[in-house]
Amino acid sequence: MTEMTDGVLHTLFRTEQGGHEQVVLCQDRATGLKAVIAIHSTALGPALGGTRFHAYASDGEAVLDALNLARGMSYKNALAGLDHGGGKAVIIGDPDLLKSEELLLAYGRFVESLGGRYVTACDVGTYVADMDVVARETRWATGRSPENGGAGDSSVLTSYGVFQGMRASAQHLWGDPTLRGRKVGVAGVGKVGRHLVEHLLEDGAEVVITDVRRESVQEILDRHPGRVTATFDTDSLIRTEGLDIYAPCALGGALNDASVPVLTAKVVCGAANNQLAHPGVEKDLADRGILYAPDYVVNAGGVIQVADELHGFDFDRCKAKASKIFDTTLAIFTRAKEDGIPPAAAADRIAEQRMADARGAVAV
């Protein structure tokens, strides 16, 4: 019993990664709500991160996902220049079966109980309409509809930021910040991926797509006849001959011991969170000469948008901030080269320094 308890506490505290400030387990029996809210850091300000609604294989997997995602948000917000720490929430269950107005209201009450230490928004499985419901019970819900005082769909600027990261990757690797004539594979053409495809086509890229939802693929093929091709699955996509850039835009763990050795792309730059399946994958990519644009850097457009919502949303102001992802990504590549480390490690160092400086300022 003691060993099991110690194991759970070690998982929650994650001392090898600096630890999490707070982890809240939420349950509402009447609606079936089971949720985990993880706050990794508030050094830079209130923790900000979305709510993921997903049918996890186990409760333990849900806790781990919340912890990893919350830590990623600390780094993402730091490098995006936001005055926010990192947090994330997961609601456990199939949203198609479990999601209800009553459940979302119950979840909103749990968010409100944290008194502003955690600010939520949309993520996989949650949408603008859901945040409108959550916001009826808490002032700390962003990503709401314009009709309800929000900024609307954050995937618009998320995709724009990823596109800027791709442009920076092209500049670093090929000396020209354009995707014209480059073959780009997009895995996952949902909320973010479908917008990314539009940016790529406008810039003159050759686009190959895949998604577990065949209807999502077909929708894009129908919209752009003859301009986009599709592969059967992600495994086929990453093996595509002549692929220049691979963009993982679905769930995490896309870069792993099975996928990295067979990647044909010279660049990985996508919207998915936690793309590196485990520590060491970033070195495997570097050893193969594959340039990796850290996910939490390039996909920060959405969090820039929802953060701005707290201060009175202005799209042009947000887009200008998201445009700086190009400069930030280039700076990370430069730091990586100077320090002789993979870009993911360079990004971590820069983010950790900003958080450390903030903690020092607070201590003083």
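As a reminder, the structure under discussion sits directly above these lines.
The following refers to the structure shown. (Residues numbered from 1 in each chain as written. Predicted model: local features only at pLDDT ≥ 70, side-chain atom pairs only at ≥ 80, totals over all residues. Heavy atoms only, no water.)

**Topic: helix α2 (residues 59–79)**
Thinking step 1. Taking 1.5 Å per residue, 21 residues should reach 30 Å; α2 reaches 31 Å between its end C-alpha atoms and fits that length.
Thinking step 2. Of all the 21 residues making up α2, 15 are buried; the element is thus mostly covered by neighbouring parts of the structure.
Thinking step 3. A positive backbone phi angle near 75 degrees is found at glycine 81, which sits one or two residues after α2. (Helix = DSSP H or I, 4+ residues; strand = E, 2+ residues; numbered from the N terminus. Expected span 1.5 Å × (residues − 1). Buried < 20%, exposed > 50% of the residue type's maximum accessible area, 1.4 Å probe, protein only.)

**Quick notes on the pattern of salt bridges**
Thinking step 1. With the rule as written, the count across this model stands at 23 salt bridges.
Thinking step 2. Arginine 117 is the partner of glutamate 21 in a salt bridge, and the nearest nitrogen-oxygen pair spans 3.2 Å. Note that glutamate 21 is positioned in the loop between α1 (2–13) and β1 (22–28) and arginine 117 in the loop between α4 (101–113) and β6 (118–119), a separation of 96 residues in sequence.
Thinking step 3. In this structure arginine 117 comes out as partly exposed when scored by relative accessible area, which is 31%.
Thinking step 4. Its salt-bridge partner being aspartate 287, residue lysine 283 comes within 3.0 Å of it at the nearest N-O pair. Within this pair, lysine 283 and its partner aspartate 287 are both found in helix α10 (residues 281–287), separated by four residues, close to a single helical turn.
Thinking step 5. Linked by salt bridges that have partners in common, Arg52, Asp65, Lys88 and Asp123 make up one network. (Salt bridge = Lys/Arg side-chain N within 4 Å of Asp/Glu carboxyl O.)

**Thoughts on the packing of aromatic side chains**
Thinking step 1. Tallying each qualifying case throughout the model produces two aromatic pairs.
Thinking step 2. Between tyrosine 75 and tyrosine 296, the aromatic rings sit 5.7 Å apart at their centres with planes inclined by 70 degrees, giving edge-to-face as the arrangement. Note that tyrosine 75 is positioned in helix α2 and tyrosine 296 in helix α11 (residues 295–298), a separation of 221 residues in sequence.
Thinking step 3. A residue is classified by how much of its surface remains accessible, and tyrosine 75, at 6% relative accessible area, is buried.
Thinking step 4. Arranged with centres 6.4 Å apart and planes meeting at 70 degrees, the rings of phenylalanine 313 and phenylalanine 315 form a pair that is edge-to-face.
Thinking step 5. Here the basic side chain of lysine 191 rests over the ring of tyrosine 127, its NZ or CZ set 4.5 Å away from the ring centre.
Thinking step 6. Against the face of tyrosine 160 rests lysine 319, its NZ or CZ located 5.0 Å from the ring centre. (Phe/Tyr/Trp six-rings, centres within 6.5 Å; stacked < 30°, edge-to-face > 60°. Lys NZ or Arg CZ within 6 Å of the ring centre and 35° of its normal.)

**Some remarks on the side chain of histidine 20**
Thinking step 1. Tracing the backbone shows histidine 20 in the loop between α1 and β1.
Thinking step 2. For histidine 20, a relative accessible area of 8% corresponds to the buried category.
Thinking step 3. At 2.9 Å, the side chain of histidine 20 and the backbone oxygen of leucine 67 are in polar contact. (Polar contact = N/O pair within 3.5 Å; in protein donor to acceptor, adjacent residues only side chain to side chain.)

**Considerations on the packing of helix α6 (residues 155–174) against helix α7 (residues 193–202)**
Between two packed helices, both the angle of their axes relative to each other and the distance between the axes serve to describe the pair.
Thinking step 1. Here α6 crosses α7 at 45 degrees, and the two axes come no closer than 8 Å. As the angle between them shows, α6 and α7 are arranged oblique. Seen along the crossing, α6 lies across α7 with a hand that is right-handed. Each of Ser155, Val156, Ser159, Tyr160, Val162, Phe163 and Met166 in α6 lies in contact with α7, whose residues at this interface are His195, Leu196, His199 and Leu200.
Thinking step 2. Considering only residue class, the contact of α6 with α7 consists of seven nonpolar, four polar and no charged. (Axes fitted to C-alpha atoms, helices over the stretch in contact; angles between N-to-C directions. Parallel < 35°, antiparallel > 145°, perpendicular 65-115°, else oblique. Left-handed = near helix turned anticlockwise from the far one by under 90°. Contact = heavy atoms within 4.5 Å. Nonpolar A, V, L, I, M, F, W, Y, C, P; charged D, E, K, R; others polar.)

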